[in-house]
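# Summary of structural features
Here is how the chains run, residue by residue.
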Amino acid sequence: AEEEAAEAAKAEEARKRRAQEAMDEAREKLGPEPAKGEAGRVEVMIRTPGGRRFKRGFLGSDLVAQLYHFANLEGGEDIASSSYRLVSSMPRNVYEDRESTLEAAGLKGQSALLMEVIEDDN
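Below is a short write-up of the structure.

## Let's talk about the packing of helix 1 (residues 2–29) against helix 2 (residues 65–80)
Interaxial distance between helix 1 and helix 2 falls to 8 Å at its minimum, and their mutual angle equals 145°. In this structure, the crossing between helix 1 and helix 2 has a hand that is left-handed. Two secondary-structure elements touch here, helix 1 through R15, K16, R18, A19, A22, M23, E25, A26, R27 and K29 and helix 2 through Q66, H69, N72, L73, G76, E77, D78 and A80. The residue inventory of the contact of helix 1 with helix 2, partitioned by class, reads six nonpolar, four polar and eight charged.

## Here we look at the layout of surface pockets
Looking at the largest pocket, its volume works out to about 380 Å³. For the largest pocket, the lining is made up of 20 residues, of which I79, A80, S81, S82 and S83 are closest to its centre. Sorting the residues of the lining of the largest pocket by element identifies helix 1 and helix 2 as the ones contributing at least two each. For the lining of the largest pocket, the element with the highest residue contribution is helix 2, accounting for seven residues. Classifying every residue of the lining of the largest pocket by side-chain character gives eight nonpolar, five polar and seven charged.

## Here we look at helix 2
Here helix 2 contains 16 residues, and its C-alpha end-to-end distance of 13 Å is more than 12% below the 22 Å for a straight helix at 1.5 Å per residue. Approximately 90° is the largest bend angle found in helix 2, and it occurs at E74. Burial of helix 2 is extensive: twelve of the 16 residues sit out of reach of the surface. For helix 2, the full list of buried residues reads A65, Q66, L67, Y68, H69, F70, A71, N72, G75, G76, I79 and A80. Lining the buried residues of helix 2 we find helix 1, strand 1 (41–47), strand 2 (53–59), strand 3 (84–89), strand 4 (92–95) and strand 5 (110–117).

The rules behind these values
Residues numbered from 1 in each chain as written. Predicted model: local features only at pLDDT ≥ 70, side-chain atom pairs only at ≥ 80, totals over all residues. Heavy atoms only, no water. Axes fitted to C-alpha atoms, helices over the stretch in contact; angles between N-to-C directions. Helix = DSSP H or I, 4+ residues; strand = E, 2+ residues; numbered from the N terminus. Left-handed = near helix turned anticlockwise from the far one by under 90°. Contact = heavy atoms within 4.5 Å. Nonpolar A, V, L, I, M, F, W, Y, C, P; charged D, E, K, R; others polar. 1 Å grid on protein atoms, 1.4 Å probe; cavity = no way out; pocket = protein on both sides within 12 Å on 5 of 7 lines; lining within 4 Å. Points joined across faces, edges and corners; volume = space filled by probe spheres on them. Expected span 1.5 Å × (residues − 1). Bend = angle between axes of the 7 residues up to and from the residue. Buried < 20%, exposed > 50% of the residue type's maximum accessible area, 1.4 Å probe, protein only.

Following this line, the structure appears as structure tokens:
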């Protein structure tokens, strides 16, 4: 039982470290929010599996990676330490190409995205 507790503590420590690294990277790479009314501004709302919602403006020329940085920063440790993808439900579309621009991915105006947790195989 002691070994299991030690393993669990190690796994939790690794999860926290992963989360911190993801949040640090997000803090470093998330660009400034464009002003309301700025040309090419895209309003994005992201909903987590737990029902929390985060809203922010981006530029259509921003990369999809910016959405993930934003989600990691706003979602905190729980989100930043999990594997997830951002999707729209109607029509269903998955936004996993982080090198694509929001415009190229079809995101414009106001967009609502859902966070789908990707289950670990282990």
